[in-house]
Amino acid sequence: MATDSPDTVALTRFGWNADVARAWERQRPLGARPARLTAVHRATVELEFGHGREAARVLPALLGESFATGDWVAVEHDEMGALWVVARLERRTELARATASGARQLLAANVDVLFVVMGLDGDWSPRRVDRYLALARQGGVEAVVVLTKADLCEEAAARAAELERRLPPETAIHAVDGRGRSAAAALARHLGPGRTAVLLGSSGAGKSTLANTLLGAEVQRTGAVREGDDTGKHTTTSRVLLALPDGACLIDTPGLRGLQLSAGEEEVQEFFVDVSELAARCHFRDCRHESEPGCAVRGHVDSDRLDNLHKMQREAARLEEDAQARKERRGGDKAISKALRAWVKQKRAT
Ligand SMILES: Nc1nc2c(ncn2[C@@H]2O[C@H](COP(=O)(O)OP(=O)(O)O)[C@@H](O)[C@H]2O)c(=O)[nH]1
Ligand SMILES: [Mg+2]
Ligand SMILES: [Zn+2]
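What you see as residue numbers is a count from 1 along each chain, following the sequence as written. For naming, the first written chain is A and the first written ligand is 1, with later ones following in the order written. At least 70 in pLDDT is required for a residue's local features to be given in this predicted model, at least 80 for side-chain atom pairs to be given and counted, and no such filter applies to totals for whole chains, interfaces and linings, which use all residues.

What follows deals with the overall build of the protein chain. Secondary structure assignment for the protein chain yields nine helices and 14 strands. In terms of its C-alpha atoms, the protein chain occupies a principal-axis envelope of roughly 85 × 65 × 45 Å. To sort residues by burial, count the other C-beta atoms lying within 10 Å of each one's C-beta; a count of 20 or more means buried, 12 or fewer means exposed, and anything in between means partly exposed. C-beta atoms are built from the backbone. Taken across its 350 residues, the protein chain has 37% of its residues classed as buried. For the protein chain, restricting intrachain contacts to residue pairs at least 6 apart in sequence, the fraction spanning at least 24 positions comes to 65%. Helix numbering and strand numbering both begin at the N terminus, where a helix is a DSSP run of H or I of at least 4 residues and a strand a DSSP run of E of at least 2. Each residue gets a C-beta atom placed from its backbone, and two residues are in contact if those atoms lie within 7 Å.

Right under this line is the structure:
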């Protein structure tokens, strides 16, 4: 299919760009049309075609694959007129976390920038920012920290400065009133035609408020902050893909409670770029930056951030142990049933 067909022109508002066109050409699903996935339901997926949305079913052959908001897919009609997803394009980036049981859960695919949205109220947690930054790094996505409710916080500038000292130097940090036009102006340089951004953060952090400000319209429902507490009401129940006036598109999401990396213990440090860069100069190759001599990290990276890295490594180790234990249990079950079958066979023979 030509990259400037009516279908793809309509999709430029939803992130179709030269990279996606190349992925499409590479896989070239004959006779199929492209669409962008906006939501995953139990039996169907919801697709954006640029000029409207439609539900589609997924070919049984693809059911083993996982899908995420932001995926690019190829669709075809069957003779009955039903719409089917027949292929998924290779992803350029993906954001995924671990569930409590250790499974890998995709949060979004093919996004360029992750807005880490955190309220400068009770939501404030530098350690949580570390996690989001690691998640973005793992997924190959640029992270931008957006501190909302700056209008409600007297120390907004001081807190932004605290994060600036803590995080890798290239990290963009904005403290904003998410309701005001100045917030849109501050974030504009991370957006632009063909770019896809995703808003992640706690419920009530101000994600949907930012989405509306960027849209210049009240499209997403927002939750009112109740008197006397910080928590906004949970009003965004599913992920949604929005076309912004500047040509970018934006995924608004429901609040995330926990955020555990889906990574092995050995891997976690890689996603703390500041640590992993310095660690190359530690005396010991397996330095944990605790009390080893010749450590190039300790004293140069914020000590709370370093403690947080160690905590995340312990979590990852626990997940790996749980996964191993489950595997062994399954292996044990198999051994028992094999012995049982052998015994039955022997009984029959005698
Ligand atoms: N004063 C103020 N209120 C905000 C700001 N951002 C969000 N809110 C309020 O916080 C509540 C929760 O916002 P919402 O966008 O629904 O949060 P979400 O759950 O992250 O989507 C709403 O009542 C918003 O009006 C901000 O920057 N300043
Ligand atoms: Mg919301
Ligand atoms: Zn070290």
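Counting residues in each nonpolar core, the largest one holds 81 residues, and the members touching the most others are Val73, Leu114, Phe115, Val116, Val198 and Leu250. Setting aside chain neighbours within four positions, we find Phe115 in contact with Val144, Val146, Ala197, Val198 and Leu199. Put simply, a nonpolar core is a cluster of buried Ala, Val, Leu, Ile, Met, Phe, Trp, Tyr and Cys residues tied together by C-beta atoms within 7 Å.

To continue, consider the sheet that holds strand E6 (residues 94-98). What the three strands build is an open sheet, ordered E7-E6-E14; its pairing is antiparallel. The open sheet is flanked by strand E7 (104-109) and strand E14 (260-261), the only strands paired with a single partner. Pairing between strands is defined by DSSP: at least two bridges between the two strands are required. As paired elements, E6 and E14 share two bridges and run antiparallel to each other. By the bridge assignment for E14, Arg97 is matched with Leu261. What counts as an axis is a line fitted to C-alpha atoms, over the stretch in contact for a helix, and the angles between N-to-C directions run from 0 to 180 degrees. Sheet strands in contact with helix H3 (residues 126-139) are E6 and E14, and its direction is about 130° off that of E6.

Before going further, it helps to spend a moment on the pairing of strand E1 (residues 33-40). Both faces of the sheet carry side chains from a regular strand, because those side chains alternate between them. Bridging between E1 and strand E4 (residues 72-77) involves four bridges; their strand directions are antiparallel. Considered in E4, the bridge of Arg36 is made with Trp72. With four bridges joining them, E1 and strand E2 (residues 45-48) adopt antiparallel strand pairing. Bridging across to E2, Leu37 finds its partner in Leu47.

All right, on to helix H9 (residues 303-349) then. Take the residue count of a helix, subtract one, and multiply by 1.5 Å to get its expected span. Between its terminal C-alpha atoms H9 stretches 69 Å, which fits the 69 Å expected from 47 residues at 1.5 Å a residue. In this structure, the buried residues of H9 make contact with E6, H3, helix H4 (156-166), E14, helix H7 (265-268) and helix H8 (273-279).

Glancing now at the domain arrangement of the protein chain. As annotated, the domain borders come from an automatic or database domain assignment. For the protein chain, the assigned domains read domain 1 (6-88), domain 2 (94-252) and domain 3 (266-329). Each partner contributes to the interface: domain 1 provides 15 residues, whereas domain 2 provides 16 residues. The biggest single contributor to the side of domain 1 that touches domain 2 is E1, with three residues. Classification used: nonpolar for Ala, Val, Leu, Ile, Met, Phe, Trp, Tyr, Cys and Pro, charged for Asp, Glu, Lys and Arg, polar for all others including Gly. Residues that form the side of domain 1 that touches domain 2 fall into these classes: four nonpolar, seven polar and four charged.

Turning our eyes to something else, we now look at the confidence of the model for the protein chain. Caution applies to low-pLDDT regions: their predicted coordinates should not be interpreted in detail. Scored by pLDDT, the protein chain comes out at a mean of 91, with 95% of its residues at no less than 70. Confidence drops under pLDDT 50 across residues 225-230; counting only partners more than four residues distant or on other chains, this segment forms six contacts. pLDDT expresses how confident the predictor is about each individual residue, on a scale running from 0 to 100.

Right, let's talk about the environment of Thr69 for a bit. Structurally, the position occupied by Thr69 is in the loop between strand E3 (53-58) and E4. Assessed through the 27 C-beta atoms surrounding it within 10 Å, Thr69 is described here as buried. As for Thr69 and Leu95, which are separated by 26 residues in sequence, their C-alpha atoms are 10 Å apart. If sequence neighbours within four positions are ignored, Thr69 has contacts with Leu37, Thr38, Ala39, Ala108, Arg239, Leu241 and Ile251.

What the six strands build is an open sheet, ordered E10-E9-E8-E11-E13-E12; its pairing is mixed. Each edge of the open sheet is held by one strand with a lone partner, namely strand E10 (172-175) and strand E12 (240-243). On average, each strand axis in the sheet is inclined to that of its neighbour by 25°, with strand direction left out of account. The sheet contact formed by strand E8 (residues 113-119) and strand E11 (residues 196-201) spans five bridges and is parallel. Paired with Phe115 across the strands is Leu199, a residue of E11. Where H3 meets the sheet, it contacts E8, strand E9 (142-148) and E11, and its direction lies at approximately 170° from that of E8.

We now examine the environment of Gly140. You can see Gly140 is positioned in the loop between H3 and E9. By the C-beta count within 10 Å, which is 13 here, Gly140 ends up partly exposed. As for Gly140 and Gln324, which are separated by 184 residues in sequence, their C-alpha atoms are 28 Å apart.

As a further point, take the pairing of E6. With five bridges joining them, E6 and E7 adopt antiparallel strand pairing. Bridge pairing links Ala96 to Leu106 in E7.

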